[in-house]
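Commentary on secondary and tertiary structure
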Amino acid sequence: MAAAGAGSSTGDTARGGEQAAAFETPVFVARTPCAFSPRERRFLALSGPDGRLRVWETASSRLHHEYVPSAHLSAACTCLAWAPPGAGGGRPSPSKEGPQRKKRKSEAVEAGEQLDLLAIGTAVGSILLYSTIRGELQSKLSGHDGKVNCVRWHQDNGCLYSCSDDKHIVEWNTQTCKVKCKWKGDNSSVSSLCISPDGKMLLSAGRSIKLWDLETKEVYRHFTGHATAVSMLMFITVRPSNENQPFDGITGLYFLSGAMHDRLLSVWQVRSDRKEKNAVMSFTVPDEPIHVDLTVSESKEEPVKLAVVCRDGQLHLFEQVLNGYCKKPLTSKCTIQIATPGEGHESTPTPVPVLAAAFCSDKESLLLVYGNSLQPVLERVALNTTESHVCLVRDIQKTLTLKTEMVVTKVKTPVVNSEVKTLVPGIPGHSAAIKTSSRKEKIETKRKPGGQEESIEDRLGAMDIDVMKTKPSPGGLPQTDNFAVLLVQGLESNDPEILNKVLQTKKEAIIKKTVARIPVYAVIPLLHELTKRLQGHPYSASQMVRWLKSVLTIHASYLSTLPDLVPQLGMLYQLMESRVKTLQKLSRLHGKLYLIITQVAALEQAQDVPDVDQTAKLVYEEESSEEGSDDEMAAERDSDENWDEDDENEEEEENEEKDDLSDDEQEMAVEKEINGESDLDPENESEEE
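Since the model is a prediction, treat every value here as computed from it, not as a measurement. (Residues numbered from 1 in each chain as written. Predicted model: local features only at pLDDT ≥ 70, side-chain atom pairs only at ≥ 80, totals over all residues. Heavy atoms only, no water.)

**Concerning the overall build of the protein chain**
Spelled out, the test is: Helical segments are the DSSP runs of H or I of at least four residues, strand segments are the runs of E of at least two, and each set is numbered from the N terminus. Buried means the residue's accessible area, taken with a 1.4 Å probe over protein chains only, is under 20% of the maximum for its type, while exposed means over 50%, and partly exposed covers the values in between. Two residues qualify as a contact provided that any one of their heavy atoms is within 4.5 Å of a heavy atom in the partner residue. Throughout, the Shrake-Rupley method with a 1.4 Å probe supplies accessible areas, and for residues the shown protein chains are the sole cover considered.
Along the backbone of the protein chain there are 16 helices and 31 strands. In the protein chain, which comprises 689 residues, the share counted as buried stands at 36%. Restricting to contacts in the protein chain with at least 6 residues of sequence separation, those with at least 24 account for 53%. Only carbon and sulfur atoms are counted for the fraction: they give 51% of the accessible area of the protein chain, which is about 43,900 Å².

Following this line, the structure appears as structure tokens:
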């Protein structure tokens, strides 16, 4: 593909912020595993969302290899790494292959110019070694218990290093396909690895960045500064080549780190004189970086060029000389966007996302990968950082059409016999055979001007439709045999009308037959649909439980074979657990409400009872009531008793008064009574005195 300058062509390039402001809808790019071959960037390995590995030729954008792993859906590709040219890729020695044969010229050229092995990390913890020359899987490495996050090849000895969610780092011997060394890299999952240019140090990233000595497997230094998991590590400068220099004498060695959901790329310096834990400088980007490539500088005066592809589909270019500490984050010198030409003058161009980018060997041109990950477009573009914003206008549809026309396809039409019946979509009972007729018969069946036309009855008879088999089912609903077909169609098309008709069935027999006849690939989508409906109205939830019970009992054997069953049914598990937890509380609440309701009902019943009349219907009186009632006699008796008690009380009071008098007074009182002086009036007493 011809090279195009970033600011050279007038019709294909737009500059400034006007074109960027015209993009109303941003494009977000998912992080897809991809890797360029280290030798002249001749090949690009890209793992698409369908689980297939494709190797593209960067010069012609032609598909070179396509590999479909046996477990490409359950064990998706998570990371890729090309074997270095001098490592040999762990290929077996010629002595083990038996007697050597003379290689063909084409094989010798491929073995000399082309790379061999490609390491593929999977989500289940295994690592696949794929041979691009043979086009087949060479070996499989098993040693991790979690998802493989990163794989890196050693430049000299051909060893492979990998890190995983199981917190460990593994050193592999690719010739024997066995674990050479395994050690714990962090307290959490190890997300990224990088090997130093001299091959003596290893960078690993988990909660913190650690620099390891590969010989002793000991930590040399810690680096902290990212709040989220580090997603990429890259060495920038080469260590001075001095064999007599000790291991601690590390000067001029920098590395770059980027993290998930972080818009800063940090640059760290490994020093021996002082232990700095802060980054010396940082690059800022408008969105999360998904792919980074850089040019390695051999000297301090040479600037480092950095190409960063962000999640918004834009490419940002940086140029910086690593000569000291810089506090302020550095911004990009040039931003490259790609868009399709709009139809008409007033139409808005559609942005095309950039998937990856890599510097060519001359460091003056850039290899861009844009479009779709299943069918990407690769283009070599000359660097021009004089413009702050460059928009490349590319017609992707036209490019892909030209590539498709270049591929020659041959279609072979099968010979259909007259006795063969062809199944076509239609109503049930259609078993008509498509008869092959020659051109001569077709000409004779044409209607002649004076000929007689066939009737509708004859035409229907020729179609061989059995009317008895196509009777409509009662109620307008489809038959039980067609429920499975309708259910699969509704799940694939996500049609709520079809799903409502099928899932609203209440008969247990129909539900069991329908679930038993659906294919296995529709079981998981059906469970997801049932889980979504279980969260709705309680009536629909009670209806979906019947379907859920049938699916789990009939397809239990298929579900038990799925390795990722727990994440697939995670929402259903959480829903069931939350409802079971609230069951005890609801039962207690139900008991209290039942007690209150019964008390209220009993109180209402008591209030509804009519009042009893307390007046006597009949009074009986005895005849002796004339002489006086018993009550009056009892009252008189009580009054007499009260009188006697009063007299006794008065006598007791007089006796007490007499006792209180002195003996002299008692004697005088006695004498007066004898003499009769006590009968005199008070006036006479005064006169006598």
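Back to the text.
**Focus: the packing of helix H7 (residues 496–503) against helix H9 (residues 523–534)**
We count it as follows: Simply put, an axis is a line fit to the C-alpha atoms, just over the touching stretch for a helix, and the angle between two N-to-C directions goes from 0 to 180 degrees. Roughly parallel covers angles under 35 degrees, roughly antiparallel covers those over 145, roughly perpendicular covers 65 to 115, and oblique covers all other angles. Think of it as three bins: nonpolar holds Ala, Val, Leu, Ile, Met, Phe, Trp, Tyr, Cys and Pro, charged holds Asp, Glu, Lys and Arg, and polar takes everything else, Gly as well.
Where H7 contacts H9, the two axes come as close as 13 Å, and the packing angle between them is 85°. Considering their axes alone, H7 and H9 lie roughly perpendicular with respect to each other. Facing Pro 496, Leu 499, Asn 500 and Leu 503 of H7, the residues of H9 in contact are Leu 526, Glu 529, Leu 530 and Arg 533. Along the lines of polarity and charge, the residues of the contact of H7 with H9 split into five nonpolar, one polar and two charged.

**Observations regarding the UniProt feature "repeat: WD" (unreviewed entry) in the protein chain**
Under the convention used in this document: UniProt positions are given in the numbering used here, feature names are shortened, and annotations may be inferred rather than shown by experiment.
Under the present numbering, the feature "repeat: WD" (unreviewed entry) in UniProt falls on residues 141–176. Split by type, residues 141–176 is 0% helix and 53% strand. Its first and last C-alpha atoms lie 10 Å apart.

**Points about the nonpolar core**
What counts here: Only buried Ala, Val, Leu, Ile, Met, Phe, Trp, Tyr and Cys residues count toward a nonpolar core, and they belong to the same one when joined by side-chain atoms within 4.5 Å.
In this structure, Leu 315, Leu 366 and Leu 368 are the most contacted members of the largest nonpolar core, which totals 33 residues. Of all the elements, strand S28 (residues 354–359) adds the most residues to this core, at six residues. Other than its neighbours up to four places away in sequence, Leu 368 contacts Leu 315, Ile 338, Ala 356, Ala 357, Val 377, Leu 378, Glu 379, Val 381 and Leu 392.

**What about the sheet that holds strand S17 (residues 209–213)?**
Quick reminder of the rule: Between any two strands, at least two bridges found by DSSP are needed for them to pair.
Taken in spatial order, the four strands make up an open sheet running S15-S16-S17-S18, and their pairing is antiparallel. In this open sheet, the two edge strands, each paired with only one partner strand, are strand S15 (192–195) and strand S18 (218–223). Geometrically, the sheet is characterised by an average inter-axis angle of 20° between neighbouring strands, direction not taken into account. As paired strands, S15 and strand S16 (residues 201–205) are joined by four bridges and run antiparallel to one another. Opposite Leu 193, over in S16, you have Ser 204 as the bridge partner.

**As for the side chain of Gln 543**
When you line up the elements, Gln 543 lands in helix H10 (residues 538–554). Looking at Gln 543, the relative accessible area reads 6%, which means it is buried. Ignoring sequence-local partners within four residues, the contact set of Gln 543 consists of Leu 503, Gln 504, Thr 505 and Lys 506.

**Let's talk about unusual backbone geometry**
Look at Arg 41: it is not a glycine, yet its phi comes out positive at around 55°. Note that Arg 41 resides in the loop between strand S3 (34–36) and strand S4 (43–47). The backbone of Lys 167 shows a phi angle near 75°, a positive value even though the residue is not glycine. On the secondary structure map, Lys 167 appears in the loop between strand S12 (160–164) and strand S13 (168–173).

**Focus: the sheet that holds strand S21 (residues 264–270)**
The antiparallel open sheet is built from four strands, whose spatial order is S19-S20-S21-S22. On the outer flanks of this sheet lie strand S19 (230–235) and strand S22 (281–284), each paired with one strand and no other. When the angles between neighbouring strand axes are averaged without regard to direction, this sheet yields 20°. Sheet analysis places strand S20 (residues 253–259) next to S21, joined by six bridges and oriented antiparallel. Opposite Gly 258, over in S21, you have Leu 265 as the bridge partner.

**Points about H7**
We apply this condition: The arc in question is formed by the directions pointing from the helix axis toward the C-beta atoms. Under this definition, polar contacts are N or O atom pairs within 3.5 Å; protein pairs additionally need one hydrogen-donor-capable and one acceptor-capable atom, and for neighbouring residues in sequence, both atoms have to be side-chain atoms.
Here H7 has its buried residues at Leu 499, Val 502 and Leu 503. Along the axis of H7, the buried residues cluster in a sector spanning 85°; they form a single face. Exposed side chains of H7 directed beyond 90 degrees from the buried face belong to Glu 497 and Lys 501. Regarding H7, its N-cap is Asp 495, as a side-chain oxygen of that residue lies 3.2 Å from the backbone nitrogen of Glu 497 further along.

**Quick word on the confidence of the model for the protein chain**
Here is the rule we go by: Here pLDDT means the predictor's own confidence in every residue, given as a number from 0 to 100.
Across the protein chain, pLDDT averages 75, with 67% of residues at or above 70. This stretch, residues 88–103, has a pLDDT under 50; its non-local contacts, to residues over four places away or in other chains, come to 16 contacts. Across residues 243–249, confidence stays below pLDDT 50; counting only partners more than four residues off in sequence or on other chains, it has 13 contacts.

**So, the environment of His 154**
With respect to the helices, strands and loops of the structure, His 154 is situated in the loop between strand S11 (148–153) and S12. At 3.1 Å, the side chain of His 154 forms a polar contact with the side chain of Asn 157.

**Here's the deal with the state of the cysteines**
What counts is decided by this rule: Any pair of cysteine sulfurs within 2.5 Å is marked as a disulfide.
Summed over the entire model, instances satisfying the criterion amount to zero disulfides. The cysteine Cys 163 is free of any disulfide, with Cys 150 supplying the nearest cysteine sulfur at 4.9 Å.

**Describing the packing of aromatic side chains**
Rules: Ring pairs shown here join Phe, Tyr and Trp side chains whose ring centres sit within 6.5 Å, with only the six-membered ring taken for Trp; geometry is labelled stacked below 30 degrees between planes, edge-to-face above 60, and tilted in between.
All chains considered together, the criterion is met by eight aromatic pairs. Residues Phe 255 and Trp 268 carry aromatic rings whose centres are separated by 6.3 Å and whose planes lie at 15° to one another, so their mutual orientation is stacked. Taken as a pair, Phe 255 in strand S20 and Trp 268 in strand S21 lie far apart in primary sequence, 13 residues in all. As far as burial versus exposure is concerned, Phe 255 and Trp 268 are alike and both buried. Aromatic rings pair up to connect Phe 223, Phe 235, Phe 255 and Trp 268 into one cluster.

**Digging into the pattern of salt bridges**
This is how it is decided: Here, a salt bridge means any Lys or Arg side-chain nitrogen found within 4 Å of an Asp or Glu carboxyl oxygen.
Per the counting criterion, the structure on display carries 15 salt bridges. The salt bridge partner of Glu 508 is Arg 546, with a shortest N-O separation of 4.0 Å. Of the two residues, Glu 508 is situated in helix H8 (residues 508–517) and Arg 546 in helix H10; the sequence distance between them amounts to 38 residues. Judged by its relative accessible area of 38%, Glu 508 is partly exposed.

**Quick notes on the pairing of strand S30 (residues 376–382)**
The side chains of a regular strand alternate between both faces of the sheet. Across the seven residues of S30, five count as buried, placing the element largely inside the fold. Where strand S29 (residues 365–371) lies against S30, seven bridges are found, and the strand directions are antiparallel. Bridge pairing links Leu 368 to Glu 379 in S30. A loop of four residues connects S29 with S30, the two strands running antiparallel in sequence.

**Considerations on the pairing of S12**
For S12, a buried count of five out of five residues is recorded, marking the element as mostly surrounded by other parts of the structure. Burial of the side chains of S12 extends over both faces: Leu 160, Ser 162 and Ser 164 are buried on one face and Tyr 161 and Cys 163 on the other. Where S11 meets S12, five bridges bridge the pair, whose relative direction is antiparallel. What sits directly across from Cys 150, in S12, is Cys 163. Adjacent in sequence and paired antiparallel, S11 and S12 are bridged by six residues, among which Gly 158 carries a positive phi angle near 75°. Two elements, S12 and S13, share four bridges in a ladder whose sense is antiparallel. Residue pairing for S13: Tyr 161 is matched across the bridge by Glu 171. Hairpin connection between S12 and S13: a loop of three residues separates the two successive antiparallel strands, and Lys 167 in this loop has a positive phi of roughly 75°.

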